[in-house]
Structures are given as structure tokens and as C-alpha cells.
Amino acid sequence: MTGPDWGKLIIAVGLRVEDAAESVIAALARLRGRRHPVIVPFIGHGTTRRARVGARLVLGRDAAAPSVLASAAGGDAPSQRSRRAVLRASIARFLTIEVPHAEVTIHLPGGDVVVHTDRDGYVDHEVELPDVAPGWLEVGLTGPAGSSATARVLVADPEAGIGLVSDVDDTIVHTGLTRGLEFLRVTLLTDVQDRTPLPGAAALYRALVRPADGPERPVFYVSTSPWNLHEMLLQFVALRGFPIGPLLLTDWGPSHTGLFRIGAQAHKLGLVRRLLDEHPHLRLVLIGDSGQEDPEIYASLAREVPDRVAAVYIRRTTGIDPVRAGQVDALAAEITAAGVPMLAVDDSAQIAVHAAGIGLLDAGAVDAVRAELNTS
């Protein structure tokens, strides 16, 4: 048997093992009272004529879905919890019991659409819209056993012209993703209100998304974090004053393409290419960090579609290796020389100054970014 054949066999076995394990876990969960299907909605996005709606169907203890809408609304910070309580809540996010191949109805302004969850309980569906207004659109979802939820869909303004795409880990929030033990500590033992935002990043994003003389621009957060963290990350975005937008995450575990999760290159490249296809009126500002593969991913996009990439900004991670720093600087110089501005930076103010210089944000917003940076 050849190498690729062995790989396919291992993946197929992994999928079967996962299915069998989830069947046993689901049976045990039903015995312990987790009987009701619960729809967990994700933030969707689209144009005035077409949108992408996402959600996940899982088993819960009652018929009330977790409120992503409440998380997005902001409000008071959650009350302080013990480290043990934080650890229990963090682990619980990953102990989901999905409901595969179930019927879910999406209630839209132009009529209902019936879809089915995939093998991991996800709904990810493109829908037609009857020329709705830009802004936030609320979409009802109903599923088996009376389950229901409301998903919010960000409808991009056709006059916006610019959209913002941002990485999450070590780009808007300190996670230590490139340092394994640090990442585990932050992910499992740090409550949402204690997670540290990158200084000045929220003010920078507000300035990029809300220009003084034009319509609000959409923001898309792209990460290799799992969908299990969607609600927590959304709550962080709202609590820290970042503009709300879709969180485009990934699924961890066996799939038809691998045993664990899709790699950063394939995941982020695929997502941004899809955003470009789904929002043909937008040029994108791409923001990431030097810790993973963001420089190479964004450079690839700038080479592919230079007319669709307005600028690329790469944050240098704390303690960056000098060799890696040199690679990022060389890549930025190459892409800039080819016609797409690409800049490696140390803080949010440097991005703001450069973006103001090329007309991506208002010059007056630079002071607001510096002020937030100095008080962080």
C-alpha cells in the first residue's frame, strides 16, 4: 500500500473511531439529562443579496440556546470566578455532543430555507436575500425538538469599498500560541475578562472600520482556534471595545483532509479567498502577526490579487527570533516593491500612522490610537 493510501486509511479509521466515541458519549449524556438539541448560532456575513449563515447543533440540558447575542451586546463584565471554575468552563467548551444530519430551518426575509447539519453538527450555508439593507440582519433558526436561536448576519454596505481581516491569536489578544504551555494556560485557566488585548488594537480597528466620511466597513476575524471558542472570543471582542464581526474559526479533530485540524496556510488562505469571492466590492486590509504563517499567507494573497489587497500589517510578536524578524522584513519589502503596501510593526500606532498616510483611516484617529496605547 502506498503512502497516500495509508494516509487515507488512517483518516478513515480516525473518522470511524470518532463517530463511535461520540455515539457512546451522546448515549451517556442523554442518561445524565443532556437530552435537548440546542442551536448555537455564529455571526454570519454577506452582501445585500446573498449571505452565509452558520450555527452548530449540540445536546444541552435545556432547550435554551447560549446567547451569542448577549455576548455581542457587551454590557457589564462577567463576575470573577475561581481558577477551578474557569478550568471547568474551559474544558466544558470542548466536551460538546454534536447532533449530525439533523434538519434546521433558516427563516429569511425572502422565505424559509431547510438545511441539514453535517457530521459534526454544523450548519454553514449560503442563502439568497431580497436586497436587504446594509447593517445587522437577524435570522431565525429552528431545529428538532423545538430548538431555536437567532443568528446575527453582518450585511456589508456596497459602498464600503474596504474590509478588515484580522488574525486573533497574538494579533488582538495575547495567547502565546507559539509557546505551547503558555497557550494552554491562557486557554484553560484565564477568564475572558482577564485576557489581555494588544495595546491600542481596539482603537485602531474602530478607526479602520468607522471612517468619518463613509459607510461603516466590515471586519472579519480569522483564526485557527476551534469553533468551541466562538462565544468566548466574541465576548472578548465586545468587552474590549473591538468592532463586532464574524469570527471565522476551524474544527479540531478528524476530517476527510486530516486527523487533527486544517493547517493555518490552507485554512486562512481558503477563508480569505472565499471572502474575496463573496464580497467582490471590497479591497481588504490584512492584519496578522509574525508568530505563525500570517506573513507568508498574506503575501501569497497580495501576489495573487494585488488589486484586492489594500495593505498588509504584521505585528512582531514578543521575543521574535532575529532570523524570523529578518525574513518578515524582507518579505514586506518584496511585497511593497510589487505594489501592495506591507509593513512589519511593533505597535498599533505604527499601523495607524501608515494607514492614515495612505488614506485608509482619518488622520485625526491616530491620536486616539496613541492615547489608548499609552493607557494600556
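Sequence order as written defines residue numbering, which begins from 1 separately in each chain. Whole-chain, interface and lining totals are the exception, using all residues; otherwise, since this is a predicted model, local features are given only for residues with pLDDT of at least 70 and side-chain atom pairs are given and counted only at 80 or more. Excluded from the side-chain calculations are hydrogens and water; all other atoms, namely the structure's heavy atoms, are used.

Quick notes on the pairing of strand E4 (residues 103-108)
Where E4 lies against strand E5 (residues 111-116), six bridges are found, and the strand directions are antiparallel. Bridging across to E5, His107 finds its partner in Asp112. Pairing between two strands is assigned when DSSP locates at least 2 bridges connecting them. Note on conventions: DSSP H or I runs of at least 4 residues are helices, E runs of at least 2 residues are strands, and numbering of each starts at the N terminus. As consecutive antiparallel partners, E4 and E5 are separated by two residues. Pairing of E4 with strand E7 (residues 135-142) involves three bridges; the strand directions are antiparallel. Its bridge partner lying in E7, Thr105 is registered against Thr142.

A few points about the environment of Leu361
Here Leu361 lies in the loop between helix H10 (348-357) and helix H11 (365-375). With 154 residues separating them along the chain, Leu361 and Ala207 place their C-alpha atoms 6.1 Å apart. Residues are treated as being in contact if the distance between any of their heavy atoms lies within 4.5 Å. Ignoring sequence-local partners within four residues, the contact set of Leu361 consists of Leu204, Ala207, Leu208, Ala352, Ala355, Ala356 and Val366.

Here's the deal with the confidence of the model for the chain
pLDDT is a per-residue confidence score from the predictor, ranging from 0 to 100. Here the chain averages 82 in pLDDT, while 72% of its residues score no lower than 70. When mean pLDDT is taken per element in the chain, E4 scores highest with 98 and helix H2 (residues 68-72) scores lowest with 47. Below a pLDDT of 50 lies the segment residues 10-15, which in the model reaches twelve contacts outside its immediate sequence neighbourhood of four places, other chains included. Predicted confidence is poor over residues 71-75, with pLDDT under 50, and the contacts of this stretch with residues over four places away or in other chains come to ten contacts.

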